[in-house]
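# Chains, contacts and geometry: an overview
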Amino acid sequence: MSYSKSYCKSGLLCLCLGAGLLLSGLSAGCTSALQRGVSPDGSSYISTSRPAIEVSVANLPLITHGRGNGTLKDPGILGGLKADTWISVYGSGAKGPVAIIAHSELANNWIWTTVWPRPGAKDVRQEIIDGIPFAASTFVQQVRSDPFAGTVGEDISDEAQAKRPHYWLVRSMAAVLGHRDEKVILEYRMPLPEGELTETVLAEFRKEALAAFKIQEPGKSREIRNGYAEGIRWRFVDDAFLGPVMPSSIQE
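The structure displayed is predicted, hence computed values, not measured ones.

### Quick word on the pairing of strand 7 (residues 81-91)
Burial within strand 7 is extensive, with nine of its eleven residues counted as buried. As paired strands, strand 6 (residues 62-72) and strand 7 are joined by ten bridges and run antiparallel to one another. What sits directly across from Asn69, in strand 7, is Asp84. Strand direction decides the pairing type here: strand 7 and strand 8 (residues 98-106), joined by nine bridges, are antiparallel. When the sheet's bridge partners are listed, Val89 is paired in strand 8 with Ile100. The antiparallel hairpin formed by strand 7 and strand 8 contains six residues in its connecting segment, where Gly93 sits at a positive phi of about 145 degrees.

### Observations concerning the sheet that holds strand 6
For sheets, the rule is that strands pair by backbone hydrogen bonds, running either parallel or antiparallel. The strand order across the open sheet formed by seven strands is 6-7-8-13-12-11-10, and the pairing between neighbours is antiparallel. In the strand order of this sheet, the two ends are held by strand 6 and strand 10 (122-129), each with one partner. Going across the sheet, the axis of each strand differs from the next one's by a mean of 25 degrees, ignoring polarity. Sheet topology note: the strand 12 (residues 167-177)/strand 13 (residues 182-191) ladder contains ten bridges and is antiparallel. Paired with Val176 across the two strands is Lys183, which belongs to strand 13.

### With respect to the nonpolar core
Formed by 28 residues in total, the largest nonpolar core has its most connected members in Ile87, Val89, Leu106, Ile232 and Leu242. The set of elements that each furnish at least two residues to this core consists of strand 7, strand 8, strand 9 (110-112), strand 11 (132-142), strand 12 and helix 4 (239-242). Excluding its chain neighbours within four sequence positions, the residues that come into contact with Ile232 are Thr64, Ile87, Val89, Pro147, Phe148, Thr151 and Val237. In this structure, Ile101, Ile129, Ala175 and Leu186 belong to the second largest nonpolar core, which totals 26 residues.

### Regarding helix 3 (residues 199-212)
Residues three or four positions apart in an α-helix share a direction because the helix packs 3.6 residues into each turn. With 14 residues, helix 3 should cover 20 Å at 1.5 Å per step; its first-to-last C-alpha distance of 20 Å lies within 8% of that length. Turning to helix 3, its buried residues number three or more, namely Leu202, Phe205, Ala209 and Ala212. An end-on view of helix 3 places all buried positions within 80 degrees of arc, on one side of the element. Facing away from the buried side of helix 3 by more than 90 degrees, the exposed set consists of Glu199, Thr200, Lys207 and Ala211. Against strand 5 (53-57), strand 10, strand 11, strand 12, strand 13 and strand 14 (213-216) lie the buried residues of helix 3.

Conventions adopted
Here the residue index of a chain counts from 1 through its sequence in written order. pLDDT decides what is reported in this predicted model: residues at 70 or higher carry local features, side-chain atom pairs at 80 or more are listed and counted, and totals for whole chains, interfaces and linings draw on all residues regardless. Based on all heavy atoms of the structure, the side-chain values leave hydrogens and waters out of the count. We call a residue buried when its accessible area falls under 20% of the maximum for its residue type, exposed when it is over 50%, and partly exposed in between, using a 1.4 Å probe and counting protein chains only. Labels follow the DSSP assignment, with helices taken as runs of H or I lasting at least four residues and strands as runs of E lasting at least two, numbered in each case from the N terminus. Here, strands pair whenever DSSP counts at least two bridges between them. Between the N-to-C directions of two axes lies an angle of 0 to 180 degrees, each axis being a line fitted to C-alpha atoms and, for a helix, fitted only over the stretch in contact. Only buried residues count toward a nonpolar core. Its members are Ala, Val, Leu, Ile, Met, Phe, Trp, Tyr and Cys residues joined through side-chain atoms within 4.5 Å. By definition, residues are in contact when any of their heavy atoms lie within 4.5 Å. A helix is expected to span 1.5 Å multiplied by its residue count minus one. This arc corresponds to the set of directions leading from the helix axis out to the C-beta atoms.

Encoded structure:
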């Protein structure tokens, strides 16, 4: 496969898949109906859109998967701009690692812009996962505005958070796909460790995050299933999580 990179006028990296994967996705789209969902065993998320991708998570069970609406308020549309979003959450409990796959698609006439790191993010860089470039950064996520708070069993009640707030250390990796109307966000999480986030701690966390995901083209006959995403706090699947957009008529 071959991939390409494009750059904004701001100098920040805008990420998109190149012609090789796009053409293979076009071919897949001609031979089968558009599908998005998880494999029968739940170990991977599959999309037959253009480009077609399969994202696998190793050694973590699927907790929840489903489709919902992200809401982007920044475009200034009354009620917000809706983005169809498929989310898969993998994990084995509040003390262990968590892996999240989110695939979000914009309506006609809108595109994703630059992949911005969160305020205060650390270890900001480009990552390559199975040949695909992602914009990556590490940040601390608190429960209050977390779309996935409570999905792996952490106590998010006001009483529990008042006694001992729960924080996640998050490695986020995002790529804009196709004609910039789709975005894939991969998150790897661990409970925030005690002590300082040294370069050694961040480097080891980055290594774990990269090893958690594998990306490939889906097989032509892969079975796909869907369900309702239990426990996702969809009101927080917003600009902070999904990122900025703009009308497709505007050129960066």
